[in-house]
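Observations on chain architecture
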Amino acid sequence: MAYDIDMIKKVYTQIAERVDKAREVVGKPLTLSEKILYSHLWDGEATQAYTRAADYVNFSPDRIACQDATAQMALLQFMQAGKKKVGVPTTVHCDHLIQAKQGAKKDLKRANETSNEVFDFLGSVSNKYGIGFWKPGAGIIHQVVLENYAFPGGMMIGTDSHTVNAGGLGMVAVGVGGADAVDVMAGMPWELKFPKLIGVKLTGELNGWTASKDVILKVAGILTVKGGTGAIIEYFGEGARNLSCTGKGTICNMGAEVGATTSTFGYDDSMERFLRATNRDDVADAANGVREYLTGDDEVYENPEQYFDEVIEINLSELRPHLNGPFTPDLATPISEMSVKAKENDWPINVDWGLIGSCTNSSYEDLTRAASIAKQAVDKKIKAKSDFGINPGSEQIRYTAERDGLLQIFEDLDATIFTNACGPCIGQWDRSDRKGEEKNTIVHSFNRNFSKRADGNPNTHAFVGSPEMVAAIAISGRLDFDPTRDKLINEDGEEVMLEEPKGIELPTRGFEVEDAGYVAPMKDGSGVDIKVASDSERLELLTPFKPWDGKNLLDAKLLIKAHGKCTTDHISMAGPWLRYRGHLDNISNNCLIGAVNAFNMKTNFVKSQLTGEYGGVPDTQREYKAKGIPTVVVGDHNYGEGSSREHAAMEPRHLGVFVVLVKSFARIHETNLKKQGMLGITFDNESDYELIKEDDTFNFIDLENFAPNQPLTIEIVHADGSKDTIKANHTYNENQIEWYKEGSALNLIKKLNA
Ligand code: F3S
């Protein structure tokens, strides 16, 4: 599990020189984000100042982390790159494929039986190519990374959108598609558009029922799901220093929910405490040696308006607990207003489940704060009205929490302790109490609450809160319970109140674990044989996508015009489909089945222009593919928001969709489309979305001149023969156009490696 101290020391050896040089080139004091970006340039020292939100820059990340659901496709792609070993330290974490049902022991056993083919594949590919492997049950990727690998001032990428969690330990950590990770594994640079910078000044100190989670719930309410797009959010100020390291992780984690590239905090005492508590004194000592380079310059934080593109200020002393939801993480409601708002919106008041865990909130501190509420319920003889489910963040946390009696407190409230894994957060939840699609409410400490995400039921209203607030609400059984004001009736009929939560930042007796679940790779893995059965349902070796023929794309048919929110969950659902993440053809049967057809407001019900009949999206698309007819997907704003899964780009590509034309894209998805050789473009005039009719045919009449900064012209031919000609914009640079020409970024890597 060893972190690479030599690599970290190398980063710190270079940082002073590189940051000083960058400051000179940029000509002004630097934010922390800029220090990390400029000290990780692929070409070494800065020679020019980059323009935010405009320049594409090549970076050299220090680490890569992949989770089991995305690692399958990433590693299948890496296997095609022709390399013997990964180019930078990489780890694979088995956390997504474990269904929560009966509790950790049984669930883990079942997962090991049902997904052993995939775990074996990931384990042997890791062994062969020098990748650290974290077994099922070892923990949730981002908690494991925070506890073992993250380091202040570092840069990492990960094939999961919540890789950003490592910002809690002062990194620039970015969620990417598998294809980006493959580039870096193959020793190539990682390209990113130089981000904008949003500064969040935190003053005061959290108190009472307010937690770190409430900071990001508040920020999400301010910025909305798109407000952070293309930006790094940098937190600073006395309030930031008052937060624990894992609390900072929570805030950074949910930066993904506002579309931010990542979020980060400057190195401080809380990070040093966390590094030492997780047995990394050498990293803390090395970081202390370059402390001033691991935070923004003083002038920046004194006059943030001059250095950030946007500044938000939050006084932690005045911040109150929030619940965000349902169906979107940016619908922020202070708990004190929930009673009125729930009535107005007809949200079910009774809460069925309180779920604590996920990569967002499963630290030792989170468990102690929630346990301090659960303990009061036991002591004050209050019976919990809702069911409780707990997913500890890692085996190290679980073992320590068990040793310290925390898990027993939850068990005394009849909670189910699930595996140290994602579970309900990614729809891996065999929910026993409701099998139909009835309207109901759950509260959880996770990050995402899109429709169907936790249990597949579109009528489950999921609300996001801090672990302690989830505990209080689950005990009361009411969504509108405000523990600062409301009383509960105990088993003796007495009125009692819950006192404020108390947390322990780091275990006073230290962390402990017997088997953390790590498997180191062999020094020389060249003899390791990777087996993929030809009749496997779960895994399939990849066939390269075909290169572009260099011609204009003509007579492309509309497959679907998606209405409203179309996240990666709508494009490539998780839950039961996680099973096929390593088998492109099989998983393509979920392609866009969650997207709402703008012409009938139904999901998975589109008109085939070949037959005039309505059918499912994948089936309809397969008919077009069989006849060699290219198709177009049209979408609304922030298309592809949510996860980093490249399946959302590979599936349409595999099925023969050529173009995705939308009002705007979520960043990772746009890059994923480019990497897979798709044309991802945006309406020049948003209202042109309204021109698109169900029977439309598209001609891309100047694609032959595809070039950076040059809009494309699209002729839309309607069923009655009338035509509209519109413009579409794109953000492809020279290199990305090469990906398009070659058929995919991977095809280009292979060509360069040949
Ligand atoms: Fe897992 Fe949910 Fe985080 S799926 S990685 S716990 S967002």
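Residues numbered from 1 in each chain as written. Predicted model: local features only at pLDDT ≥ 70, side-chain atom pairs only at ≥ 80, totals over all residues.

1. Quick notes on the sheet that holds strand β8 (residues 196-203)
For the record, the criterion: Two strands make a pair as long as DSSP finds a minimum of two bridges between them. The secondary structure listing takes helices from DSSP runs of H or I that are at least 4 residues long and strands from runs of E that are at least 2 residues long, numbered from the N terminus. Every angle, taken between N-to-C directions, lies between 0 and 180 degrees, and every axis is a line fitted to C-alpha atoms, over only the stretch in contact when it is a helix.
On the basis of which strands lie adjacent, the open sheet formed by four strands has the order β10-β9-β8-β11 and parallel pairing. At either margin of the open sheet sits one strand with a lone partner, and together these are β10 (262-265) and β11 (310-315). Taking the axes of each pair of neighbouring strands and ignoring which way they run, one obtains an average angle of 20° across the sheet. In the sheet, β8 pairs with strand β9 (residues 231-236) via six bridges, with the strands oriented parallel. Counted as the bridge partner of Gly199 is Glu234 from β9.

2. Re the site of the ligand
Our working definition: Being near a molecule or strand means, for a residue, that its backbone-placed C-beta atom lies within 6 Å of it. Domain start and stop positions are those given by an automatic or database domain assignment.
What surrounds the ligand is a group of 14 residues, the closest being Ser358, Cys359, Cys422, Cys425 and Ile426. Residue-level mapping places the shell around the ligand at the junction of two domains, with at least three residues from each of domain 1 (5-315) and domain 2 (322-431 + 439-488).

3. Concerning unusual backbone geometry
Formally: To sort residues by exposure, count the other C-beta atoms lying within 10 Å of each residue's C-beta; 20 or more gives buried, 12 or fewer gives exposed, and values between give partly exposed, all with C-beta atoms placed from the backbone.
That bond from Gly325 to Pro326 is cis: its omega, 0°, falls within 30 degrees of zero. As for its position among the elements, Pro326 is in the loop between β12 (322-324) and β13 (332-334). Residues other than glycine seldom take positive phi values, yet Thr224 does so here, at roughly 65°. With respect to the helices, strands and loops of the structure, Thr224 is situated in the loop between α8 (212-223) and β9. The phi torsion at Asn279 lies on the positive side, around 60°, for a residue other than glycine. Within the secondary structure, Asn279 sits in the loop between α11 (269-277) and α12 (281-289). The class of Asn279 is partly exposed, set by 13 C-beta atoms lying within 10 Å.

4. So, the domain arrangement of the protein
For the record, the criterion: Residue pairs are scored as contacts if the distance between their C-beta atoms, which are placed from the backbone, is within 7 Å. Under the grouping applied here, Gly and all other residues not named as nonpolar or charged are polar, the nonpolar ones being Ala, Val, Leu, Ile, Met, Phe, Trp, Tyr, Cys and Pro and the charged ones Asp, Glu, Lys and Arg.
Examined at the domain level, the protein breaks down into domain 1 (5-315), domain 2 (322-431 + 439-488) and domain 3 (553-753). When each unit is reduced to the centre of its C-alpha atoms, the spacing between domain 1 and domain 2 is 26 Å. Each partner contributes to the interface: domain 1 provides 41 residues, whereas domain 2 provides 43 residues. If you list the elements that add at least two residues to the side of domain 1 that touches domain 2, you get α4 (104-114), α6 (141-148), α8 and α10 (245-253). In terms of residue class, the side of domain 1 that touches domain 2 is made up of 16 nonpolar, 17 polar and eight charged.

5. Here we look at helix α3 (residues 68-78)
With 11 of 11 residues buried, α3 lies mostly within the body of the structure. Taken together, the buried positions of α3 are occupied by Asp68, Ala69, Thr70, Ala71, Gln72, Met73, Ala74, Leu75, Leu76, Gln77 and Phe78. On its buried face, α3 sits against β2 (63-67), β3 (90-93), α5 (116-129), α7 (178-185), α23 (647-655) and α26 (745-753).

6. Let's talk about the nonpolar core
Under the convention used in this document: We define the nonpolar core as any set of buried residues of the types Ala, Val, Leu, Ile, Met, Phe, Trp, Tyr and Cys, connected via C-beta atoms lying within 7 Å of each other.
Ranked by internal contacts, the top residues of the largest apolar core, which has 232 residues, are Phe410 and Val632. For Val632, the residues in contact, after removing those within four places along its chain, are Ala556, Leu558, Leu559, Phe658, Val659, Leu661 and Phe698.

7. Concerning the sheet that holds strand β21 (residues 518-519)
Within a sheet, each strand pairs with its neighbour through backbone hydrogen bonds, oriented either parallel or antiparallel. Strand order across the open sheet formed by six strands is β6-β5-β2-β3-β4-β21, with mixed pairing between neighbours. Of all strands in the sheet, those bounded by a partner on one side alone are β6 (172-175) and β21. Summarising the sheet, strand β5 (residues 155-158) and β6 pair through four bridges and their orientation is parallel. Bridging across to β6, Gly158 finds its partner in Gly175. Where α5 meets the sheet, it contacts β3, β4 (132-134) and β21, and its direction lies at approximately 155° from that of β4. Sitting on the sheet, α7 touches β2, β3 and β5, and the angle it makes with β2 is about 140°.

8. Focus on the UniProt feature "domain: Aconitase A/isopropylmalate dehydratase small subunit swivel" (unreviewed entry) in the protein
Threshold: UniProt positions are given in the numbering used here, feature names are shortened, and annotations may be inferred rather than shown by experiment.
Taking the UniProt record as the reference, the feature "domain: Aconitase A/isopropylmalate dehydratase small subunit swivel" (unreviewed entry) is found at residues 557-686. From the first C-alpha to the last, residues 557-686 spans 20 Å; its make-up is 28% helix and 22% strand.

9. Remarks on the packing of α11 against α12
Using the following cut-off: For classification, angles of less than 35 degrees are called roughly parallel, those exceeding 145 degrees roughly antiparallel, those between 65 and 115 degrees roughly perpendicular, and all remaining angles oblique.
Interhelical geometry of α11 versus α12 gives an angle of 150° and a closest axis separation of 7 Å. Relative to α12, the element α11 is oriented roughly antiparallel. In this structure, α11 uses Glu272, Leu275 and Arg276 to contact α12, whose residues at the interface are Asp281, Val283 and Ala284. Residue classes in the contact of α11 with α12 are distributed as three nonpolar, no polar and three charged.

10. Digging into the environment of Glu310
Within the element layout of this structure, Glu310 appears in strand β11. Overall, Glu310 belongs to the partly exposed group, with 16 C-beta atoms counted inside 10 Å. For the pair formed by Glu310 and Ala231, sequence separation is 79 residues and the distance between their alpha carbons is 9.8 Å.

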